[in-house]
Amino acid sequence: MEQIETCNSIWLLDPALMQFCRMPKGADPAYAVSARWQPYFRFEEETGTEVFRVALDEARTRWLSSRRHVDPCARCGEECTRQVVMPPPPCAVVGDLLQ
Ligand SMILES: [Zn+2]
């Protein structure tokens with residue numbers, strides 16, 4: 001299970017089942033059990049940025065895109081740093097160092 005934190009939500013991705021769901025940030029992780037899981041067909045990350053996206057259809061014509069929240073985050077400031085539950089992924093750390 002992969003967990004990705006954005007500025008206002010947490011994405012859970014299950015690569016085995018190819019399903020994902022989004023939880024409001026700060027929600028009880030138990031919420032994921034009852035959350036609406038959606039199938040996805042591909043997961044991509046943009047190298048050197050915090051942008052990631054999932055394909056919503058097999059033909060990969062519809063994508064849902066978002067950005068990882070990093071610490072410190074230029075977009076939501078210090079407000080969110082208290083809620084960070086995962087260390088930044090390696091690619092986000094690299095992105096930070098380049099800025
Ligand atoms: Zn943020």
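For the structure, see preceding data.
These remarks concern the structure in this document. Just so you know, these numbers come straight off a predicted model, no measurement behind them. (Residues numbered from 1 in each chain as written. Predicted model: local features only at pLDDT ≥ 70, side-chain atom pairs only at ≥ 80, totals over all residues.)

### Overview of the overall build of the chain
Logical step 1: Summing up its helical and strand segments, the chain has two helices and seven strands in all.
Logical step 2: N-terminal to C-terminal, the α/β element order of the chain is β-β-β-α-β-β-β-β-α.
Logical step 3: Counting every position in the chain, which comprises 99 residues, the buried fraction comes to 15%.
Logical step 4: Taking contacts inside the chain between residues at least 6 apart in sequence as the whole, the part at least 24 apart equals 26%. (Helix = DSSP H or I, 4+ residues; strand = E, 2+ residues; numbered from the N terminus. Buried ≥ 20, exposed ≤ 12 C-beta atoms within 10 Å, placed from the backbone. Contact = placed C-beta atoms within 7 Å.)

### What about the pairing of strand β6 (residues 51-55)?
Logical step 1: What you see with β6 is a clean split: Phe52 and Val54 sit on the buried side and Val51, Arg53 and Ala55 on the side with no burial.
Logical step 2: Looking at chain direction, strand β5 (residues 42-45) and β6 are connected through four bridges and run antiparallel. Paired with Glu45 across the bridge in β6 is Phe52.
Logical step 3: The loop that links β5 with its antiparallel partner β6 comprises five residues; one of these, Gly48, has a positive phi angle of about 85°. (Pairing = 2+ DSSP bridges.)

### Section: the environment of Leu64
Logical step 1: Summarising the element assignment, Leu64 is placed in strand β7 (residues 63-67).
Logical step 2: When the C-alpha positions of Leu64 and Tyr40 are compared, they lie 9.5 Å apart, and in sequence the two are 24 residues distant.

### A short note on the environment of Ser9
Logical step 1: One can find Ser9 in strand β2 (residues 9-14).
Logical step 2: Note: C-alpha distance between Ser9 and Ser66 (57 residues apart in sequence) is 10.0 Å.
Logical step 3: Ignoring anything within four residues of it in the chain, the contact list for Ser9 reads Arg22, Met23, Pro24 and Lys25.

### A closer look at the sheet that holds β7
Logical step 1: The strand order β5-β6-β7 describes an open sheet built from three strands, whose pairing is antiparallel. Of all strands in the sheet, those with a lone pairing partner are β5 and β7, marking the two edges. The mean inter-strand angle of the sheet, taken between neighbouring strand axes irrespective of direction, is 15°. (Axes fitted to C-alpha atoms, helices over the stretch in contact; angles between N-to-C directions.)

### A word on the environment of Phe52
Logical step 1: Assignment of secondary structure puts Phe52 in strand β6.
Logical step 2: Each C-alpha atom of the pair Phe52 and Arg67 lies 6.0 Å from the other, and the pair is 15 residues apart in sequence.
Logical step 3: Apart from residues lying up to four places away in sequence, Phe52 is in contact with Ile4, Glu44, Glu45, Ser66 and Arg68.

### Details of the sheet that holds strand β4 (residues 38-39)
The strands that make up a sheet are held in pairs by hydrogen bonds between backbone atoms, and each pair lies either parallel or antiparallel.
Logical step 1: Taken in spatial order, the four strands line up as β1-β2-β3-β4 in an open sheet, and their pairing is antiparallel. Looking at which strands have only one partner, the edges of the open sheet turn out to be β1 (2-5) and β4.
Logical step 2: With four bridges connecting them, β1 and β2 associate as antiparallel partners. What sits directly across from Glu2, in β2, is Leu13.

Coordinates in, geometry out; function isn't part of it.
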